[in-house]
Amino acid sequence: MISTIDQIPQSLKRVVVRLDLNLPMVDGVIQDPSRLLKSLPTLRDLLAKGHTLTILAHLGRPKGMDMSLSLKPICDRLAQEMGQYIAFIPSPSTPIPENTPIVMLENLRFFEGEETNNPAFASSLAALGEAYVNDGFSVSHRAHASVEGITHFLPSFGGRLLMKELDALTLSFENPTPPIMVILGGSKISTKIDLLKSLMKKATYLVPGGGIANTFLKAQGYSMGTSLVEIDKITLAQEVMEMAHQRGCTLILPQDVVCETSKGIETVEVDHIPEDGNALDLGPKTLTSIVNILPQIKTVLWNGPLGYFERPPFDQSSLTLAKAIGKGTQSEGLISIAGGGETLGMLDQAGVTQDFTYISTAGGAFLEYLEGKTLPGIQRLIIN
Ligand code: ADP
Ligand code: MG
């Protein structure tokens, strides 16, 4: 078990806390404060335990000191939510004003050593406190100075939000209740090879969607018209089909697809995709087969939309399946876990974000966790 903020010795007064405060901003105005609000419990609990805080976070992808990506507006908002003053320091070498309960450092990515995980920079961050807390699960796949480097200099603990995300993932993923349906959609199989191989080990049913399904169909010999297919990944798709067969994992390949053609939109059987057809969604027959299996499923893991959901009507299969899973979770005790960049937007569009058991907002960290990788930001937290 990872040690949490409850295990930080009282004698270690100032705690350096890494947060994910990478909020969506337009012209310095916060568009959605959710991540900031989710970070409050750790900060409040640490203060209540008598610690003082140094907060570390990044914003965007600045090249050098780009003041349009300053953390100052986020610092102001945080101070407002915490109901107390936060001293904002422009660099780790700025002396910390005495008797200041909360200090926040400027955007970490303004400094050269952050993304290169420079030990000297990590050490300068470590000098801002006596213990370290990682509460940014979503940045934990990055071996950056504030995530990994710093753990070499300070005793390191897991924050509330990080523990919550980790607990949900462990519970649902380390020992998932079978039968398990893995839904893997999105555009390219090439970005998801490790994920596919890792999830295959767990899956009772594997449902490919989106461009990934297209590549499987091509591997089965169907003509795919102008659809998104990764020709150089056909052998991989064949290997996966073979692996699935050997493991007794049932692959649910599309029977029909919704195509855009020069004449308009057509739903066709997979052996009738026209030459000018671009398969942009799974068809209704395929959807029915998937939905019909759901009642016997205990756990669903989902990453990647089933179609080009940004352009209706190619959102239909994703939305229908999302609603069916949401309903199964609410009324049949189905365990449903989902995550990924576009997947979040799709689930939001389906209106099911409250209905799933757990939706990870951690993007890359979520996917790397599912791939079975050890995350650099988790690896060196103290184990008890
Ligand atoms: P995530 O970010 O959730 O992991 P991906 O980045 O792998 O998902 O893929 C999402 C993108 O895949 C979406 O923007 C969607 O439009 C696209 N997509 C899904 N199906 C198709 C398809 N059949 N053809 C082209 N693009 C597709
Ligand atoms: Mg994506």
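Structural data are supplied above this passage.
Predicted model, so just to flag it, every value in this text is computed and none were measured.

*Asks:* I keep staring at the side chain of E230 and nothing clicks. Help me out?
*Replies:* Tracing the backbone shows E230 in the loop between α7 (210–219) and α8 (234–247). Of the polar contacts made by the side chain of E230, one reaches the side chain of S190; its length is 2.5 Å. If we skip the residues at most four places from it in the chain, E230 touches K188, I189, S190 and T215.

*Asks:* Please clarify how the site of ligand 1 should be interpreted in this entry.
*Replies:* Neighbouring ligand 1 are 19 residues; K192, N303, E310, E342 and T343 lie closest to it. In this structure, an oxygen atom belonging to ligand 1 sits 2.7 Å away from a side-chain N or O atom of E342. A total of 580 Å² of accessible area belongs to ligand 1 in isolation, and the protein chains cover 85% of it. Within the residue set of the shell around ligand 1, elements represented by two or more residues are α7, β14 (278–282) and α11 (341–350). The residue makeup of the shell around ligand 1, split by class, is five nonpolar, 11 polar and three charged.

*Asks:* Before we go on, may I ask you to explain the sheet that holds strand β1 (residues 14–18) in this structure?
*Replies:* Sheet strands pair by backbone hydrogen bonding; their relative direction is either parallel or antiparallel. Ordered by their spatial adjacency, six strands build an open sheet running β5-β6-β4-β1-β7-β8, and the pairing between neighbours is parallel. The sheet is open, and its two borders are formed by β5 (87–89) and β8 (156–158), each paired with just one other strand. Recorded for the sheet is a direction-independent mean angle of 25° between the axes of neighbouring strands. Inspection of the sheet shows β5 paired to strand β6 (residues 102–105) by three bridges, in the parallel sense. By the bridge assignment for β6, A87 is matched with V103.

Calculation criteria
Residues numbered from 1 in each chain as written. Chains lettered and ligands numbered in written order. Predicted model: local features only at pLDDT ≥ 70, side-chain atom pairs only at ≥ 80, totals over all residues. Heavy atoms only, no water. Helix = DSSP H or I, 4+ residues; strand = E, 2+ residues; numbered from the N terminus. Polar contact = N/O pair within 3.5 Å; in protein donor to acceptor, adjacent residues only side chain to side chain. Contact = heavy atoms within 4.5 Å. Near = heavy atom within 4 Å. Areas by Shrake-Rupley, 256 points an atom, 1.4 Å probe, with all protein chains shown as cover. Nonpolar A, V, L, I, M, F, W, Y, C, P; charged D, E, K, R; others polar. Pairing = 2+ DSSP bridges. Axes fitted to C-alpha atoms, helices over the stretch in contact; angles between N-to-C directions.

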